[in-house]
Amino acid sequence: MFFVDVLETESLGNRSYLAGGPGSAVVVDPPRDIDRVVAAAARRGVRIAVVAETHVHNDYVTGGLELARLTGARYLVPAGAEVAYARVAVADGDVEQVDEGLELRAVATPGHTPHHTSYVLQEAGRAVAAFTGGSLLIGTVGRPDLVEPRLTEELARAQHASAHRLADRLEDGVSVLPTHGFGSFCSSSASGGEHSTIGAEKAANPALVQDVETFVRELLAGLDDVPAYYAHMAPVNADGPAPLDLTEPRRADADEIARRLAAGEWVVDLRSRVAFAAGHVAGSLNFEVEGQLATYLAWMVPWGRPVTLLAHSADDLARAQRELARVGIDRPAAAAVGSPADWVVEGDRPASFRRATFAELAAARRHGEDVVVVDVRRDAERAHGWVGGSVHLPVHEIHRRLDEVLPGTVWVHCAGGMRAAVAASVLDAAGREVVAVDDGFAAAAEAGLPLVTPSDDAAA
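Everything numeric here is computed off the predicted structure, so don't read it as measured data. (Residues numbered from 1 in each chain as written. Predicted model: local features only at pLDDT ≥ 70, side-chain atom pairs only at ≥ 80, totals over all residues. Heavy atoms only, no water.)

Q: Can you help me understand the packing of helix H3 (residues 152–169) against helix H6 (residues 212–221) in this one?
A: Helix-helix packing: each pair is described by the crossing angle between the helix axes and the interaxial distance. Where H3 contacts H6, the two axes come as close as 9 Å, and the packing angle between them is 125°. By the angle class used here, H3 and H6 are oblique. Our pair here, H3 against H6, has a crossing hand that is right-handed. On H6, the residues that touch Thr-152, Glu-153, Ala-156, Arg-157, Gln-159 and His-160 of H3 are Val-212, Glu-213, Phe-215, Val-216, Leu-219 and Leu-220. Residues belonging to the contact of H3 with H6 are distributed by class as follows: six nonpolar, three polar and three charged. (Axes fitted to C-alpha atoms, helices over the stretch in contact; angles between N-to-C directions. Helix = DSSP H or I, 4+ residues; strand = E, 2+ residues; numbered from the N terminus. Parallel < 35°, antiparallel > 145°, perpendicular 65-115°, else oblique. Left-handed = near helix turned anticlockwise from the far one by under 90°. Contact = heavy atoms within 4.5 Å. Nonpolar A, V, L, I, M, F, W, Y, C, P; charged D, E, K, R; others polar.)

Next up, the structure:
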């Protein structure tokens, strides 16, 4: 009997897979932190014989090369991918033995990238699961615009053809096991669930129910923003990532933290947004370790800028290191553990700002306060409606567009509070008086705030 274990990286919206039989296994699209993979194989009591990449990843640093070196596994990489290291170049139809009676068959599925390859797990010659990477996702497909803008439409058409290729050659009961689609920005739209089969995708996936022209038109119209750090991931993966170093970073005292801030470096406070608002080192930025730390910090920080981490505990610091290493921020310049009392130089006091609800924002407007409302959601979110009179500055752009924020007290909101806290910390560091709206966006209408939709805006 075969098994498939899911190794989830929730913060990036990705999944890796360990699949095999009684003696040996394959790992598909491994994460950077391969200790998780090695531990999973040890629990199963299997040898990692094969490591397979569906494509050169755009959204995270792979652990595949190091895992193959460590275990002696055969490292499968699509033949069309240009990489700088030795690997087994896989072409359409190639078969790799995983265990007795268990094999992996490569299926060319271009679209997410030109060289994208899916892998069909076959037991006794019968397909039982398809590792679809960034091709056929659950309820959608991987986005086709991450390689080269001039190739986007061509790759969108290829996605449609690849989805049909998988659907046509596999039975309805075959499990669909994608790498992306669980919150990943590599997904072209929101994923439709946690588990699926070829039959379920045939019934509902736009790539399989729409004609190619409709599919391409709607796919391209619905593409969301691309995190800036994606531009750095594919080159790192093609060159061959360095082994991961998760040793504890050097500790910094209050004077060093102040010097790094004065030098224009990023000092990142990993504590909760509630704790940060109550007191923090002036000039530091708040990216909660419990939030989408890797995605938003890597998206916003100038690439290569030194980062110092401030954490409540050593465990939070270690967790943040692991998260950031997955997206190529390998070593913090320094770190500190404790509270603002430990991080503020003698004679200074921690900075702070207010947190509020949409109801409090509505009250402030009614009372005639000098209120500037900044919406830091993404374009696709704002397209469904926004608070009348608000300024739109997506969180990943706000640090570069501070001059667009009008004078007055800045009330900043997102969809739930996490990104508003990031933006509030940026504005606070820039010397603005800020209020972070820590509330769900649905509460805006309930509070009586006027909401505008694109149709309203056009009519006006």
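That covers the picture; the talk isn't over yet.
Q: Even after reading the chapter, I still don't get the layout of surface pockets, so can you show me in this structure?
A: Regions of empty space are outlined by a rolling probe, equal in size to a water molecule, passed over the atoms. The volume enclosed by the largest pocket comes to roughly 360 Å³. Lining the largest pocket are 20 residues, with Gly-183, Ser-184, Phe-185, Asp-224 and Arg-378 positioned closest to its centre. Contributions of two or more residues to the lining of the largest pocket are made by helix H14 (379–382) and helix H15 (418–429). When grouped by side-chain class, the residues that make up the lining of the largest pocket number five nonpolar, 10 polar and five charged. (1 Å grid on protein atoms, 1.4 Å probe; cavity = no way out; pocket = protein on both sides within 12 Å on 5 of 7 lines; lining within 4 Å. Points joined across faces, edges and corners; volume = space filled by probe spheres on them.)

Q: I keep staring at empty space enclosed by the protein and nothing clicks. Help me out?
A: Taken as a whole and judged by the stated rule, the model has four cavities of 30 Å³ or more. When its volume is computed, the largest cavity comes out at roughly 60 Å³. Every residue lining the largest cavity is listed: Thr-9, Leu-12, Asn-14, Arg-15, Ser-16, Asp-29, Pro-31, Arg-32, Tyr-60, Val-61, Thr-179 and Arg-326. Tallying contributions element by element places strand E2 (residues 14–20) first for the lining of the largest cavity, with three residues. Residues belonging to the lining of the largest cavity are distributed by class as follows: four nonpolar, four polar and four charged. Considering only enclosed or pocket space, the second largest cavity measures out at about 50 Å³ in volume. Around the second largest cavity, the lining residues are Glu-53, His-55, Val-56, His-57, Thr-62, Tyr-75, Val-77, Tyr-85 and Asn-237.

Q: Hey, could you run me through the sheet that holds strand E5 (residues 74–78) in this one?
A: Within a beta sheet, neighbouring strands are joined by backbone hydrogen bonds and run either parallel or antiparallel to one another. Read across the sheet, six strands follow the order E1-E2-E3-E4-E5-E6 without closing on themselves; strand pairing throughout is mixed. Taken across any chain shown, the strands that pair with only one partner, and hence form the sheet edges, are strand E1 (3–9) and strand E6 (88–90). Between one strand axis and the next, the sheet turns by 25° as a mean value, whatever way the strands run. Judged from the five bridges that link them, strand E3 (residues 24–28) and strand E4 (residues 47–52) form a sheet pairing that is parallel. (Pairing = 2+ DSSP bridges.)

Q: I'm lost on the packing of helix H10 (residues 293–300) against helix H11 (residues 314–325) in this one. Help?
A: At a minimum axis separation of 9 Å, H10 and H11 run at an interaxial angle of 60°. Our classification of the angle between H10 and H11 gives oblique. As H10 runs across H11, the sense of the crossing is right-handed. Along its contact with H10, which presents Leu-293, Ala-294 and Leu-297, the element H11 presents Ala-320, Glu-323 and Leu-324.

Q: In this structure, what is going on with the nonpolar core? I would like to understand it.
A: In summary, soluble globular proteins display a tendency toward joint burial of nonpolar side chains. Counting 54 residues, the largest nonpolar core has Phe-287, Leu-297, Leu-309, Val-374 and Ile-398 as its most contacted members. With near-sequence residues (within four places) excluded, Ile-398 lies in contact with Met-300, Val-374, Val-376, Leu-393, Ala-423, Val-426 and Leu-427. By size, the runner-up hydrophobic cluster in this structure holds 22 residues, among which are Leu-7, Leu-18, Val-27 and Leu-67. (Core = buried A, V, L, I, M, F, W, Y, C linked by side-chain atoms within 4.5 Å. Buried < 20%, exposed > 50% of the residue type's maximum accessible area, 1.4 Å probe, protein only.)

Q: Quick question: what am I supposed to make of the pattern of salt bridges here?
A: Should their charged atoms come close, side chains of opposite charge can pair. Inspection of the entire model under this criterion finds 35 salt bridges. We note a salt bridge from Glu-256 to Arg-250, for which the minimum N-O separation is 2.6 Å. Under the relative-accessibility criterion, Arg-250 is labelled partly exposed at 46%. In this structure, Arg-378 engages Glu-381 in a salt bridge whose closest nitrogen and oxygen atoms are separated by 3.8 Å. Across the pair, Glu-381 and Arg-378 agree in class, each one buried. One network of salt bridges, in which partners are shared, links Asp-33, Asp-35, Arg-36, Arg-322, Glu-323 and Arg-326. (Salt bridge = Lys/Arg side-chain N within 4 Å of Asp/Glu carboxyl O.)

Any functional reading would require information that these geometric values do not contain.
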